[in-house]
Amino acid sequence: MTPVLQLRGIVKSFGSNHVLRGIDLDVSPHEVVVLIGASGSGKSTLLKTTNLLERIDDGQILLAGDDISDPRADVDAVRARIGVVFQHYNLFPHLTVLDNVTLALRRVHKLARQECQERGLALLGRIGLAGQARDYPDRLSGGQQQRVAIARAIAPDPELLLLDEITSALDPQLVGEVLDLVAELKQSGSTILMATHEIGFARRVADRIVFLKDGTICEQGPPSQLLDSPGRAETAEFLSRVLH
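My aim in this report is to walk through the structure given alongside it, one point at a time.

Rules used in this analysis
- Residues numbered from 1 in each chain as written.
- Predicted model: local features only at pLDDT ≥ 70, side-chain atom pairs only at ≥ 80, totals over all residues.
- Heavy atoms only, no water.
- Helix = DSSP H or I, 4+ residues; strand = E, 2+ residues; numbered from the N terminus.
- Contact = heavy atoms within 4.5 Å.
- Expected span 1.5 Å × (residues − 1).
- Buried < 20%, exposed > 50% of the residue type's maximum accessible area, 1.4 Å probe, protein only.
- Pairing = 2+ DSSP bridges.
- Axes fitted to C-alpha atoms, helices over the stretch in contact; angles between N-to-C directions.

**A short note on the environment of Ala169**
Here is step 1: For Ala169, the location among the structural elements is in the loop between β7 (160–164) and α6 (172–187).
Here is step 2: In this structure the C-alpha to C-alpha distance between Ala169 and His88, which are 81 residues apart in sequence, comes to 6.5 Å.
Here is step 3: If we ignore the near neighbours within four places in the chain, the residues touching Ala169 are Gln87, His88 and Tyr89.

Printed below as a string of structure tokens:
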């Protein structure tokens, strides 16, 4: 089975700052791969290069076998196949919750308005926010706004979902409701590559955890192996810091 995502020798620098140093990583269909690592280890940059928000300096990115890192690739067409949610919700304040969720369906995928409305309302019902469909984002809590951002990302049924520290801007009491939604997406078969500092959540939902250090993959494996019996001293040191 062709991986949904294949990263081959990904290199990215910003001037003299070498952020990614030859990353090789596959993500299989319906797999949840969680990136962990200290700030500056390259997690966010790796996600941004996957969505072509940052162009790589060397290597190759394949999406379902298509070379999307080819300079001739249609960037908009690639992004239409990938859902992305970042730390900050980035909802459009002048649009209602329902219009935020259905924006890509209408503008990018050109679906009929009625179909967009039906799909959007169904998604909002799924995340417990059907009653807020006509509200504007400033009426919602941070956790609710982030759930709307996730609903917007999954509305077009993307091949790959990228989640970048989606709870880091939330108050602690709101984190659980967002992470529960991601767990539901895992159960529904979504293919997810995500960065998080929530180690307990990574244990709960990840099929595989990838520990990044200084722009390289230091170690990877299933949660029970990597978190409980890391094979590298660097991994054990990092986990000791974040868990205690």
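That covers the picture; the talk isn't over yet.
**Quick look at α6**
Here is step 1: For α6, built from 16 residues, the straight-helix expectation of 22 Å at 1.5 Å per residue is met to within 8% by its first-to-last C-alpha distance of 24 Å.
Here is step 2: All buried positions along α6 are accounted for by Leu174, Val175, Val178, Leu179, Leu181, Val182, Ala183, Leu185 and Lys186.
Here is step 3: Buried residues along α6 sit in contact with β3 (32–36), α4 (113–126), α5 (142–154), β7, β8 (192–195) and α7 (199–205).
Here is step 4: Among the residues trailing α6, Gly189 stands out with phi positive, at a value near 95°.

**Things to note about the sheet that holds β8**
Here is step 1: Here six strands make up an open sheet; going across it, the order is β6-β7-β8-β3-β9-β10 and the pairing mixed. The sheet is open, and its two borders are formed by β6 (82–85) and β10 (216–221), each paired with just one other strand. Each neighbouring strand pair of the sheet contributes to a mean axis angle of 20°, computed without reference to strand direction.
Here is step 2: In the sheet, strand β9 (residues 208–213) pairs with β10 via five bridges, with the strands oriented antiparallel. Bridge pairing in β10 links Leu212 to Ile217.
Here is step 3: Each of β3, β7 and β8 is contacted by α6, which is oriented at about 155° to β8, the strand it contacts most.

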